[in-house]
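What follows is the residue order along each chain.
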Amino acid sequence: MRYFPHTDEDIAAMLKLVGVGTLEDLFSTIPEDCRRKKALSLPEAMTEWDLNRHMRALSLDMAAYPEYKVYLGAGSYEHYIPAAVSYLLERSEFSTAYTPYQPEISQGTLQAMYEYQTLVARLLGMDVANASMYDGASALAEAFKMSFNIKRKRKTLAISGVVNPLYRSVVETYFAPTEYRVVELPYLQNGTTDLSGIAEIEELAAVAVQSPNFFGCLEDLQSAGEAAHLKDALLIACFTEPLAYGLLRNPGSQGPDIACGEGQSLGIPQSFGGPGLGMFAVKKDYVRKMPGRLVGRTKDLDGKDGFVLTLATREQHIRREKATSNICSNQGLCALTAAMYMASVGGKGIRDLAGLNRDKAEYLKERLREAGVKMAFETPTFNEFVVQFPKGLEAKYEELLGKKIVAGLPLVPYYPELAHHYLLCVTETKTRDDLDALVAEITS
Amino acid sequence: MKEITELSFPEDVRYTKDHEWGKSVDGKVKVGISDYAQDQLGEIVFVELPEVGAAFEKGDEFGTLESVKAVSELYMPVGGEVVGVNSQLEDSPELVNSDPYDGGWIIEVAAGDASEMDGLMDKSTYVEELKGIKP
């Protein structure tokens, strides 16, 4: 929609219609001390040339790819985005991705969502996926809500302490004001979740474990599932890096009831943290308890294939306050991006790409080991791992920033016990030269 | 949807304002929904049943019925423990439409307080109640 500012004539006509003399009269109900007295301090308007120069200067001030070599992951991953994806996404047919209630006029969008669901279900190895949620963190919180809905009268959920700390904080925000209790499972010396406490937790509705976890370590989802199921609780397999399943066993093959997480890796730019894509998939038994939109394939009166919103009776426009979730729109455009990305890269491409991520990460690990840097955990990883840098690297970290290298994420703010520990991420965007240079800088 | 006169309301069951019925059989109470309720809901495609052994108070929600146009909650006509569920409904939910008082029963309850049945409506009171809803 184009933006037309109101003219003085428009404003006068509207004031006349509502029967108010001036704009000041219209706002008279707003208390005096809530109103701004001074004009906004805005800079002078710039010419287009000046503005471009200004914006470029701002962007150069930030540590972003490709100017910087960024070894950060921790929930947001730097992946190459095929030009075909960016191009297709700019087509005007897709620019309004709002909920397609009307199948008569929305077959294209509905089919795209259906393809997205199919691709997600296949990648995760689950029976059925929804048409997306806001992001990985809210998907996890919704998975917990769904668990309470299935395991009625249970009041406790357990979350691994090596689920992304930001996700845990979102879960906390959801449940802190409620009667439900969140129990955190500690991590073991090998960097994976300590599952031994699960058996002791009362009124347990669900257990959430992330794999690869925040430290990059692969978790034993099978055992986590067995421990949860022994308590008649659900297992939620959470993830921040779905590309890992190009190489690793997908969550579905290891028995979780719900698999959910972040889909940013699938062709969505990092954009300094958002928008993301909440991927959400469940076992078929739970499809009616699953939050969010679901698109199904059906036949029309002439027997032709068509796509419609299905099981919509679970949702809030019909079921009001008893709906399966309060997600009213979804990340339609981001889901579409992920579908385009998965279709462009293909099954073999995703496998190759995942292999490349893992191999490059292993190469860096090996070179760092040779250089005397200690790995914090010996558990297998995908494209992220934790290193323990020698003391004094803090100064070096700053120095490297000056050389346009972001040498990983310091873990102290999230895990005070992990001084000098850094989470490093290596994706396909890094070359061997980049990795060699990083090792040389760190050990020089 | 049908007129009230076209619907069937047996004498041997008792009705609730939420349109469930209860029927005493061998010391237990069978529970289902009335012909009026199934007619209002339309084609029922899924019945969410409680687990056997679950205990509820009178008026508690014990399950849901999903029709092509809505999901409705099911409420206990009397309090007690669920001792049986109609597992045929898992594959044939349409029995609730075609045979609401017999093949389409939903759960069987061991009532905590048998006198709660007396508080439910008989056929004539229920039909009067329906006339109030539906002119």
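Just so you know, these numbers come straight off a predicted model, no measurement behind them.

Caption draft 1: Just the interface of chain A and chain B, in detail. Chain A puts 10 residues into the contact, and the matching count from chain B is 14 residues. Taken together, both faces of the contact between chain A and chain B bury some 840 Å²; the carbon and sulfur share is 39%. Broken down residue by residue, the surface that chain A buries against chain B is led by A:R288, A:T313 and A:R319, which jointly contribute 56%. At the surface where chain A touches chain B, the tally comes to 2 salt bridges. Salt-bridge contacts for B:E66 lead to A:R288; the nearest nitrogen and oxygen are separated by 2.6 Å. At the boundary of chain A with chain B, the tally comes to 3 residue pairs in polar contact (both at pLDDT 80 or more). Broken down by class, the residue content of the side of chain A that touches chain B amounts to 2 nonpolar, 1 polar and 7 charged.

Caption draft 2: Examining the confidence of the model for chain B more closely. Looking at chain B, pLDDT values average 93 and 99% of them are 70 or higher. Among the prediction metrics, the complex's ipTM stands at 0.73, with pTM recorded as 0.86.

Caption draft 3: The arrangement of the sheet that holds strand 7 (residues 71–75) of chain B in detail. Residues and elements named next belong to chain B. Read from one edge to the other, the open sheet built from 3 strands follows the order 4-6-7, with strand pairing classed as antiparallel. Edge positions in the open sheet fall to strand 4 (44–48) and strand 7, since each of these has one partner strand only. Going from strand to strand, the sheet's axes swing by 25 degrees on average, the running direction of each strand aside. Pairing between strand 6 (residues 61–67) and strand 7: 5 bridges, direction antiparallel. Looking across to strand 7, one finds that E66 is bridged to V71.

Caption draft 4: Geometry of the side chain of A:Q254. Residues and elements named next belong to chain A. Following the sequence through the fold, Q254 ends up in the loop between strand 6 (234–239) and strand 7 (258–262). The buried category is assigned to Q254, whose relative accessible area is 11%. Within the structure, the side chain of Q254 is placed 3.3 Å from the backbone oxygen of R249, a separation counted as a polar contact.

Caption draft 5: Representation of the packing of aromatic side chains. All names here are of chain A. For the coordinates displayed, the defined rule picks out 21 aromatic pairs over all chains. Centroid distance F239 to Y245: 5.6 Å. Interplanar angle 85 degrees. Geometry classified as edge-to-face. Given a relative accessible area of 0%, F239 falls into the buried group. An aromatic cluster of three or more residues is present, and its members are Y187, F214, F215, F377, Y414 and Y415. Against the face of Y71 rests K430, its NZ or CZ located 5.2 Å from the ring centre.

Quick notes on the rules
- Residues numbered from 1 in each chain as written.
- Chains lettered and ligands numbered in written order.
- Predicted model: local features only at pLDDT ≥ 70, side-chain atom pairs only at ≥ 80, totals over all residues.
- Heavy atoms only, no water.
- Contact = heavy atoms within 4.5 Å.
- Buried area = accessible area lost by both parts, 1.4 Å probe.
- Salt bridge = Lys/Arg side-chain N within 4 Å of Asp/Glu carboxyl O.
- Polar contact = N/O pair within 3.5 Å; in protein donor to acceptor, adjacent residues only side chain to side chain.
- Nonpolar A, V, L, I, M, F, W, Y, C, P; charged D, E, K, R; others polar.
- pLDDT = per-residue confidence, 0-100.
- Pairing = 2+ DSSP bridges.
- Helix = DSSP H or I, 4+ residues; strand = E, 2+ residues; numbered from the N terminus.
- Axes fitted to C-alpha atoms, helices over the stretch in contact; angles between N-to-C directions.
- Buried < 20%, exposed > 50% of the residue type's maximum accessible area, 1.4 Å probe, protein only.
- Phe/Tyr/Trp six-rings, centres within 6.5 Å; stacked < 30°, edge-to-face > 60°.
- Lys NZ or Arg CZ within 6 Å of the ring centre and 35° of its normal.

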